[in-house]
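Tertiary structure, described
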Amino acid sequence: MYDSIIIGSGAAGSTVARKLAETGERKVLVLEKRPHIGGNCYDRVDDYGILIHQYGPHIFHTSEEDVFHFLSEFTDWYLFGHEVAANVHEKLLPIPFNLNTLYQVYEPEKAEELEQVLIKEYGMGSRVPIIQLRENSNPDIKAIADYVYENIFLYYTMKQWGQKPEEISPEVTGRVPVLISHDNRYFQDKYQGMPKDGYTAMFQKMLDHPGITVKTSADCRDYLTFLQDKVLFLGEEFTGGIIYTGALDELFDCEYGRLPYRSLDFRFEHLDQESFQGRSVVNYTVSEPYTRITEFKYLTGQKDTNGTTIVKEYPFAYTGAEGEIPYYAILNDENQTLYQKYADKIRPFQNVYLLGRLAEYKYYNMDAIVKKALQLADEIRR
Ligand code: FAD
Ligand code: UDP
């Protein structure tokens, strides 16, 4: 009845479903355990008429032409240069820390001098990870690095990961490098912004194809049984492609122990006032128990609003308890070894593919997921 079964309807599952159905002329079944599609990109209108991102603020950004082109088949865009401020002792500083931030932190004359030092050392336009900046022995650069470390990275990272910046994978803090430029944007990608009618509408359109059947509130474990090297679908062997985008340990009842993740508690508030912070995202880098506050109307560009809705993010260690969601893989050697044990268990299954943030245990942005999903669909079709 089906040629392929896809588990999960997030960016990974939806993209691969569409591509297989469209160009592979396949009949595809998508099983999604949540009551809605879209995975963590899911957005919806709240009780006050404001479009919110249920699982945290998602800003689409990419320099990949094929990814942007593919998604543009399913949405128009509200494009803008996303900016974030850090609240440092009540002063709002542009981040990533850049040459404009330098002028807000130091007196003009000193800032000018430091600007020249940074440009000479790294070159205009370069991106320097904080860990690398801290290794510089030049006392001026060391002073800047210490400032950025103490005021932008240390407390935020402790909240987010429960560890210091130097204790987590450099790949993670490297996502927000010090920018030797006057660019206040959080990302430097060519395309950045929001799907005009939201992410859910975009993925809905993507999944709307005669070759695709979507079942929500459908945990794959109620449909699929993984034996030694073959998979049963409702009790019968299924030899078509199975693309799994969920957490890999859960497929095997966490028999080697749980893969560690960080989770987030999103606390939404609707306020009966025009504006709360006047901008989309403020990171709290030296105070407060939450990491950031998002004010949705500024993120989505929504104009017809009464009042405003915000969300605060409180990180915690994922335990696997009912209702918790694993958001961030914790990248280190020990966890990678554990992940590999589960990945080895999948290897004998010739027709099972792992795709996405959870199944690959990686820290992917949306565009990277879509790119990988497009590539996988090509590979399966061949
Ligand atoms: P998911 O979206 O997690 O989808 C996996 C799906 O599989 C889920 O819907 C899940 O319910 C389903 N599933 C799992 N197990 C089963 C099962 N047993 N049976 C059936 N279904 C199952 N990226 C950006 O590019 N820009 C951003 O600004 C950005 N902000 C982010 C903010 C936060 C707080 C987080 C957590 C992530 C952010 N990301 C951002 C990353 C982005 O969310 C991911 O890249 C993307 O959502 C990953 O898609 P995915 O399909 O791999 O995973
Ligand atoms: N980070 C920080 N302070 C900030 C922003 C980021 O310390 O103001 C660090 C923190 O460790 C975070 C990482 O950089 O987890 C990556 O930040 P990013 O904004 O990419 O995180 P995401 O949006 O994926 O949660």
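Coordinates for the structure precede this section.
Reference entry: report on the structure contained in this document.

Things to note about the site of ligand 1
- In the vicinity of ligand 1, 34 residues are found, and the nearest of them are Glu32, His58, Ile59, Tyr364 and Met366.
- Here an oxygen atom of ligand 1 sits 3.0 Å away from a polar atom, N or O, in the main chain of Ala12.
- Separating an oxygen atom of ligand 1 from a side-chain N or O atom of Arg34 is a distance of 3.1 Å.
- Protein chains shield 97% of the accessible area of ligand 1, which is 990 Å² for the free molecule.
- Of all the secondary structure elements, the ones that give two or more residues to the shell around ligand 1 are helix 1 (11-23), strand 17 (261-271) and helix 12 (366-381).

Considering the site of ligand 2
- Around ligand 2 lies a shell of 17 residues, among which Trp161, Arg175, Tyr186, Tyr328 and Tyr363 are the nearest.
- Within the side chain of Arg175, a nitrogen or oxygen atom sits 2.7 Å from an oxygen atom of ligand 2.
- At a separation of 2.6 Å, an oxygen atom of ligand 2 approaches a polar side-chain atom of Tyr363.
- Of all elements in the fold, only helix 6 (139-161) and helix 7 (170-173) reach the threshold of two or more residues within the shell around ligand 2.
- Counting residues per element, the shell around ligand 2 draws most heavily on helix 6, at 6 residues.
- Looking at the shell around ligand 2, its residues break down into 10 nonpolar, 5 polar and 2 charged.

Points about the sheet that holds strand 15 (residues 236-237)
- One open sheet holds the 3 strands; their spatial order is 13-14-15, and the pairing between them is antiparallel. Every other strand in the sheet has two partners, leaving strand 13 (224-226) and strand 15 as the edge strands with one partner each.
- Examined bridge by bridge, strand 13 and strand 14 (residues 231-233) share 3 bridges and lie antiparallel to one another. Within strand 14, the residue paired with Leu224 across the bridge is Phe233.

Remarks on the packing of aromatic side chains
- Considering all chains together, one arrives at 23 aromatic pairs under this definition.
- Here Trp161 and Tyr363 contribute two aromatic rings whose centre-to-centre distance is 6.2 Å and whose plane-to-plane angle is 50 degrees, an arrangement assigned as tilted. Of this pair, Trp161 sits in helix 6 while Tyr363 is found in the loop between strand 22 (352-354) and helix 12, placing the two residues 202 residues apart along the sequence. Each of the two residues, Trp161 as well as Tyr363, counts as buried.
- Arranged with centres 6.4 Å apart and planes meeting at 15 degrees, the rings of Phe252 and Tyr342 form a pair that is stacked. Of this pair, Phe252 sits in the loop between helix 9 (248-251) and strand 17 while Tyr342 sits in helix 11 (residues 333-346); the two residues are 90 residues apart in sequence, bridging distant segments of the chain. For the pair Phe252 and Tyr342, one class covers both residues: buried.
- Taken together, the aromatic side chains of Phe60, Phe68, Trp77 and Tyr191 make up a single cluster linked through ring pairs.
- Sitting over the ring of Tyr55, Arg34 keeps its end group 4.5 Å from the ring centre.
- The residue whose ring lies beneath Arg134 is Tyr149, and the NZ or CZ to ring-centre distance is 3.5 Å.

Some remarks on the packing of helix 1 against helix 12
- Direction vectors running N to C along helix 1 and helix 12 enclose 35 degrees, while the axes themselves pass 8 Å from each other. Every pair of crossing elements has a handedness; the one defined by helix 1 and helix 12 is right-handed. Within the contact between the two elements, helix 1 uses Ala11, Ala12, Thr15, Val16, Lys19, Leu20 and Thr23 and helix 12 uses Ile369, Val370, Ala373, Leu374, Leu376, Ala377, Ile380 and Arg381.
- A class-by-class count of the residues in the contact of helix 1 with helix 12 yields 11 nonpolar, 2 polar and 2 charged.

Considering unusual backbone geometry
- Cis geometry marks the peptide bond from Ile95 to Pro96, where omega comes out at 0 degrees.
- Its place among the elements puts Pro96 in the loop between strand 8 (91-95) and helix 3 (99-105).
- With a phi close to 50 degrees, His89 is a non-glycine residue in the positive phi region.
- With a relative accessible area of 60%, His89 lands in the exposed category.
- The backbone of Leu234 sits at a positive phi, close to 50 degrees, despite the residue not being glycine.
- With respect to the helices and strands, Leu234 occurs in the loop between strand 14 and strand 15.

Regarding the sheet that holds strand 19 (residues 292-295)
- Taking strand neighbours across the sheet as the criterion, the 7 strands line up as 8-7-18-19-20-17-21 in an open arrangement whose pairing is mixed. Each end of this open sheet is capped by a strand with a single partner; those strands are strand 8 and strand 21 (328-329).
- In this structure, strand 19 lies alongside strand 20 (residues 308-317), joined through 3 bridges in antiparallel fashion. Within the sheet, the bridge partner assigned to Glu295 lies in strand 20 and is Ile310.

A word on the side chain of Thr309
- Summarising the element assignment, Thr309 is placed in strand 20.
- Residue class for Thr309 comes out buried when judged on its relative accessible area of 3%.
- Polar side-chain contacts of Thr309 include one of 2.8 Å to the side chain of Asp46.
- Excluding its chain neighbours within four sequence positions, the residues that come into contact with Thr309 are Asp46, Ile50, Ile52, Phe268, Glu269, His270, Thr294, Glu295 and Phe296.

The rules we used
Residues numbered from 1 in each chain as written. Chains lettered and ligands numbered in written order. Predicted model: local features only at pLDDT ≥ 70, side-chain atom pairs only at ≥ 80, totals over all residues. Heavy atoms only, no water. Near = heavy atom within 4 Å. Polar contact = N/O pair within 3.5 Å; in protein donor to acceptor, adjacent residues only side chain to side chain. Areas by Shrake-Rupley, 256 points an atom, 1.4 Å probe, with all protein chains shown as cover. Helix = DSSP H or I, 4+ residues; strand = E, 2+ residues; numbered from the N terminus. Nonpolar A, V, L, I, M, F, W, Y, C, P; charged D, E, K, R; others polar. Pairing = 2+ DSSP bridges. Phe/Tyr/Trp six-rings, centres within 6.5 Å; stacked < 30°, edge-to-face > 60°. Buried < 20%, exposed > 50% of the residue type's maximum accessible area, 1.4 Å probe, protein only. Lys NZ or Arg CZ within 6 Å of the ring centre and 35° of its normal. Axes fitted to C-alpha atoms, helices over the stretch in contact; angles between N-to-C directions. Left-handed = near helix turned anticlockwise from the far one by under 90°. Contact = heavy atoms within 4.5 Å.

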